[in-house]
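One-letter residues, chain by chain:
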Amino acid sequence: LSLMPFSVNASKTESIYTNMDYTGTVKKTTVSNHLENDKDVEIKDNSILTNILNVNGSEDFTLDNNIVTWYAKGKDIFYTGTTKKEQPLNIVTKYYLNGKETKATDMIGKSGNVKIVIKYKNNSKNIEYINGKKTTLYTPFLVTSFMMLDKENVSDLKVDNAKIIDNGINYMIAGYSVPGLYESLKIDELKGMDTITIEYKTTSYKFASVYMAASSNLFSEDNDS
């Protein structure tokens, strides 16, 4: 996910890592940048990050009006920083026990029917004119989600927009979403493709972390970045 994919004189790859609580509320966002350098010159990069750190070298930098200048000496630069900027995607996760919405922390150790609903909202959109008509088009993100459940405490597992992999000890759930695609294309078959639903019965609920990855590059011909 790109916050500001702009580099003055170098090719830039940017990745965002966000830690969230079980509801989807953002706790911390760290951005990792790779500036590819093929010349023995300074690299100037537009950056809104704070707490900037060179993670793969000792090259110095200066920061002035959101322009970070790296004294790269012909080397690639790998650096990280933090940001509080709103993310291109928002995630809301709701938990239900026996049909009643419940905090995940209040479900621990309890038995019954569990339902987890993960919904993605695409905040990255542009106004385009198609055949003279103003149209809102969303950045086509593909979001993949991963969760692992202990088979000893899970039965009657069902999922929507996801696949179940049984390795004999755990259920591994791989979900996929394309938030905003229905709103862009208005194709009925794409309705609900912004949501992943997981349902199962448990004898003792255990909280399971969800790992998510999102990219718009998967829809382009050039997937090198």
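A brief report on the enclosed structure follows. (Residues numbered from 1 in each chain as written. Predicted model: local features only at pLDDT ≥ 70, side-chain atom pairs only at ≥ 80, totals over all residues. Heavy atoms only, no water.)

To continue, consider the pattern of salt bridges. Any two side chains of opposite charge can pair, on the condition that their charged atoms come close. With the rule as written, the count across this model stands at seven salt bridges. With its nearest N and O atoms 3.7 Å apart, the salt bridge here joins Asp150 to Lys206. Placement of the pair is Asp150 in strand β13 (residues 142–150) and Lys206 in the loop between β17 (195–202) and β18 (210–215), with a sequence separation of 56 residues. Residue Lys206 is classed as partly exposed on the basis of its relative accessible area, which comes to 47%. For the salt bridge of Lys151 with Asp166, the shortest nitrogen-to-oxygen distance reads 2.9 Å. Linking Lys151 in the loop between β13 and β14 (154–160) with Asp166 in strand β15 (residues 162–166), this pair joins segments that are 15 residues apart in sequence. Among the charged side chains, a network of salt bridges with common partners joins Lys12, Glu14 and Asp45. (Salt bridge = Lys/Arg side-chain N within 4 Å of Asp/Glu carboxyl O. Helix = DSSP H or I, 4+ residues; strand = E, 2+ residues; numbered from the N terminus. Buried < 20%, exposed > 50% of the residue type's maximum accessible area, 1.4 Å probe, protein only.)

All right, on to unusual backbone geometry then. Non-glycine residue Lys73 carries a positive phi angle of around 55 degrees. Its place among the elements puts Lys73 in the loop between β6 (67–70) and β7 (77–82). Looking at Lys73, the relative accessible area reads 65%, which means it is exposed. Even without glycine at this site, Asn131 takes up a positive phi of about 55 degrees. Relative to the assigned elements, Asn131 resides in the loop between β11 (125–130) and β12 (133–138).

Note on placement: Thr135 falls in strand β12. If near-sequence neighbours (up to four positions away) are discounted, Thr135 is found in contact with Asn126, Ile127, Glu128 and Ile130. Of the polar contacts made by the side chain of Thr135, one reaches the backbone oxygen of Lys133; its length is 3.3 Å. (Contact = heavy atoms within 4.5 Å. Polar contact = N/O pair within 3.5 Å; in protein donor to acceptor, adjacent residues only side chain to side chain.)

We now examine the pairing of β11. When β11 meets β12, the two strands line up antiparallel, connected through six bridges. The partner of Tyr129 across the bridge, within β12, is Lys134. Taking the residues between adjacent antiparallel strands as the criterion, β11 and β12 are bridged by two residues, where Asn131 takes a positive phi near 55 degrees. (Pairing = 2+ DSSP bridges.)

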